[in-house]
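Understanding the architecture of this molecule
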Amino acid sequence: MKNIALIGFMGAGKSTVAEVLAKKLNYTLIETDGQILSMSHLPSINDIFDKKGEEYFRQLERNAIAEIVKNTKQVISCGGGIISSQETMNLLKQNATVVFLSAEFETVKSRLKSTTTRPLFRQEEKAMLLYALRLPIYKQYADVVIATDNESPEQIAQQIIEKCNAK
Ligand code: S3P
């Protein structure tokens, strides 16, 4: 069975849904950010961005995906910027069903209102621009699209299973 990769903007619900989905399917749960952190020898994602820069983070993200896709039966919760690299996305597309979890900007804003752990969500205006820029790219790579604004993680996981089975 193929892997399932969850993509989407910060705050779309990828981590929460991935946990529920992995349990339901009895798949291994993988967080790309967690893998990147262990490869970086730095204590946080903020530190990687601030000390080494975004391009370095994206390199680690590519390396993480290259390792992750060697295995199967995984739910892969991807960082929101995974779509920044075509090479990374080609690897992912070849080895996973790609599910885009979409959410309105207002939804992600309210979900992330007290967050300090997202270097690319420090300024609302910049985050909004990034959101607009990325939206068509998420859609372009998606095999399945699911809106998360008004559904519970349980309902979303169930929809993913149904839509992925139908593929
Ligand atoms: C990023 C999203 C974050 C994390 C990093 C960069 C992005 O992951 O990978 O801060 O570029 O959108 P989440 O989407 O899990 O917040």
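See the structure printed just above.
Quick summary incoming for the structure in this document. A quick note: this is a predicted structure, and the numbers were derived from the prediction, not measured. (Residues numbered from 1 in each chain as written. Predicted model: local features only at pLDDT ≥ 70, side-chain atom pairs only at ≥ 80, totals over all residues. Heavy atoms only, no water.)

1. Details of the overall build of the chain
Heads up, the rule is: Labels follow the DSSP assignment, with helices taken as runs of H or I lasting at least four residues and strands as runs of E lasting at least two, numbered in each case from the N terminus. The globule rule is 2.2 Å times the number of residues to the power 0.38, and the radius of gyration it is compared with is taken over C-alpha atoms. It only takes one pair of heavy atoms within 4.5 Å for two residues to be counted as in contact. All accessible areas in this document rest on Shrake-Rupley with a 1.4 Å probe, and a residue is counted as covered only by the protein chains that are shown. Only four residue types enter the tally: Lys and Arg on the positive side, Asp and Glu on the negative side; His and the chain ends are excluded. Charged side chains are reduced to one point each, which is NZ for Lys, CZ for Arg, CG for Asp and CD for Glu.
When helices and strands are tallied, the chain shows eight helices and five strands. When the helices and strands of the chain are placed in sequence order, the string is β-α-β-α-α-α-β-α-β-α-α-β-α. In summary, the chain has a C-alpha radius of gyration of 15 Å against a globular reference of 15 Å for 167 residues, a match within 12%. Intrachain contacts of the chain at a sequence separation of at least 6 include 74% that bridge at least 24 residues. Within the structure as shown, the chain displays about 8,600 Å² of accessible surface, and the carbon and sulfur contribution to it stands at 49%. Across the chain, 21 positive and 19 negative side-chain charges occur, with their mean positions spaced 2 Å apart.

2. Some remarks on the site of the ligand
Heads up, the rule is: One heavy atom suffices: a residue is near a molecule or strand as soon as one of its heavy atoms comes within 4 Å of it. Here a polar contact is recorded for every N or O atom pair within 3.5 Å, except that within protein the pair must consist of a potential hydrogen donor and a potential acceptor, and residues adjacent in sequence are included only if both atoms are side-chain atoms. Throughout, the ten residues Ala, Val, Leu, Ile, Met, Phe, Trp, Tyr, Cys and Pro are labelled nonpolar, Asp, Glu, Lys and Arg are labelled charged, and all others, Gly among them, are labelled polar.
The environment of the ligand is formed by 14 residues, the closest being K14, D33, R58, R118 and R134. One of the side-chain nitrogen or oxygen atoms of D33 is found 2.7 Å away from an oxygen atom of the ligand. With respect to the ligand, the side chain of R118 contributes an N or O atom lying 2.7 Å from an oxygen atom. In the complex, the protein chains occlude 96% of the 390 Å² of accessible area that the ligand would expose alone. Those elements that provide at least two residues to the shell around the ligand are α3 (45-52) and α4 (54-68). Class assignment for the residues of the shell around the ligand results in six nonpolar, three polar and five charged.

3. Things to note about the side chain of T32
Following the sequence through the fold, T32 ends up in helix α2 (residues 32-40). For T32, the side chain forms a polar contact with the main-chain nitrogen of G79, separated by 2.9 Å. Beyond its immediate chain neighbours, meaning those up to four positions away, T32 contacts I65, I68, I76, S77, C78 and G79.

4. Here we look at the pairing of strand β3 (residues 74-77)
Working note: regular strand, side chains alternate between the two faces of the sheet. We apply this condition: Remark: exposure states derive from per-residue accessible area (1.4 Å probe, protein chains only) relative to the maximum for the residue type, with buried under 20%, exposed over 50%, and partly exposed in between. Two strands pair if DSSP finds at least two bridges between them.
In β3, alternate side chains face the same way, and those of Q74 and I76 on one face and V75 and S77 on the other are all buried. Relative to β3, strand β1 (residues 3-7) runs parallel, the two sharing three bridges. Bridging from a neighbouring strand, I4 pairs with V75 of β3.

5. With respect to the environment of E67
With respect to the helices and strands, the residue E67 is situated in helix α4. Along the sequence, E67 and Q155 sit 88 residues apart, while their C-alpha atoms lie 30 Å from each other. Side-chain polar atoms of E67 contact the side chain of K70, separated by 2.8 Å.

6. Topic: the sheet that holds strand β4 (residues 96-102)
Defined as follows: For helices, the fitted line uses only the C-alpha atoms of the stretch in contact; every axis is such a line through C-alpha atoms, and the angle between N-to-C directions lies from 0 to 180 degrees.
Taken in spatial order, the five strands of this open sheet run β2-β3-β1-β4-β5, and their pairing is parallel. Each edge of the open sheet carries a strand with a single partner, namely β2 (28-31) and β5 (144-147). The sheet shows a mean angle of 20° between the axes of neighbouring strands, taken without regard to direction. Across four bridges, the pairing between β4 and β5 is parallel. The partner of L101 across the bridge, within β5, is I146. Its contacts with the sheet put α2 on β2 and β3, and the angle it makes with β2 is roughly 60°.

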